[in-house]
Amino acid sequence: MADKLFRLEIIKPDGIFYEGEVRMVEYNTTEGEVGVYADHIPMTQIIAPGVLIITEAENEKKAALSAGFVEVEADKVTMLAESVEWPQDIDLNRAKEAETRARRRIDTSKDGMDIARAELALKRALLRQEVAKY
Ligand code: ATP
């Protein structure tokens, strides 16, 4: 089963981020971390911030995946990614500044709504700093 390839397409707002034949794709969703092989049962998922790992026949690629949707079909996985970056495209200073801003908002916020948004921004900032090291 693990030898069988399937098509992965990752679309972001300004165009195609990735397309190819892969063995496995791993990512984080609002329901937890998932790993998808060929012939998976169809499902749709909401992406949560996490490391995207694409296992090709010969290589492994990693990226920071922050938000979007996934549609899983038996022979194809389509991701509509609101924000996704390869390690080399991550601006580390920008992610550090975003972390500082998010922490300040969490510390000074008075109502719960703002905290949830700031916590999500903090997760994206920490994820980008982690993935920038790959
Ligand atoms: P910031 O506050 O720095 O804008 P953010 O988490 O609010 O960060 P997003 O809304 O997730 O940013 O993303 C907006 C766009 O900017 C996306 O295209 C995303 O890929 C890109 N982006 C955000 N942060 C970085 C970064 N540190 N390095 C490279 N691209 C980034």
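Note that the structure is predicted; figures quoted are calculated from it, not measured.

(A) Inspection of the domain arrangement of the protein at higher detail. By domain assignment, the protein separates into domain 1 (6–87) and domain 2 (90–132). Placing the centre of domain 1 and that of domain 2 at their C-alpha centroids yields a distance of 23 Å. At the junction of the two partners, domain 1 supplies 11 residues and domain 2 supplies nine residues. Across the domain 1/domain 2 interface, buried area totals approximately 770 Å², and carbon plus sulfur atoms make up 67% of it.

(B) Geometry of the site of the ligand. Close contacts around the ligand come from Ser 83, Glu 85, Asp 89, Ile 90, Asp 91, Arg 94, Ala 95, Arg 101, Arg 124 and Arg 128, and that covers them all. Taking Ser 83, its side chain carries an N or O atom lying 3.3 Å from an oxygen atom of the ligand. Protein chains shield 66% of the accessible area of the ligand, which is 590 Å² for the free molecule. Broken down by element, the residue count for the shell around the ligand peaks at three residues, all from helix 1 (residues 92–108).

(C) Representation of the pattern of salt bridges. Tallied over the entire structure, the rule returns nine salt bridges. For Lys 4, the salt bridge identified is with Asp 39, shortest N-O distance 2.9 Å. Here Lys 4, found in the segment before strand 1 (6–12), pairs with Asp 39, found in the loop between strand 4 (32–36) and strand 5 (43–47); they are 35 residues apart in sequence, far enough to count as distant. Residue class for Lys 4 comes out partly exposed when judged on its relative accessible area of 43%. Residue Lys 61 pairs with Glu 56 through a salt bridge whose shortest N-O separation is 3.0 Å. Taken together, the shared-partner salt bridges in this structure form one network comprising Arg 7, Glu 9, Glu 19, Glu 21 and Lys 76.

Procedures and definitions
- Residues numbered from 1 in each chain as written.
- Predicted model: local features only at pLDDT ≥ 70, side-chain atom pairs only at ≥ 80, totals over all residues.
- Heavy atoms only, no water.
- Domains from an automatic or database assignment.
- Contact = heavy atoms within 4.5 Å.
- Buried area = accessible area lost by both parts, 1.4 Å probe.
- Near = heavy atom within 4 Å.
- Polar contact = N/O pair within 3.5 Å; in protein donor to acceptor, adjacent residues only side chain to side chain.
- Areas by Shrake-Rupley, 256 points an atom, 1.4 Å probe, with all protein chains shown as cover.
- Helix = DSSP H or I, 4+ residues; strand = E, 2+ residues; numbered from the N terminus.
- Salt bridge = Lys/Arg side-chain N within 4 Å of Asp/Glu carboxyl O.
- Buried < 20%, exposed > 50% of the residue type's maximum accessible area, 1.4 Å probe, protein only.

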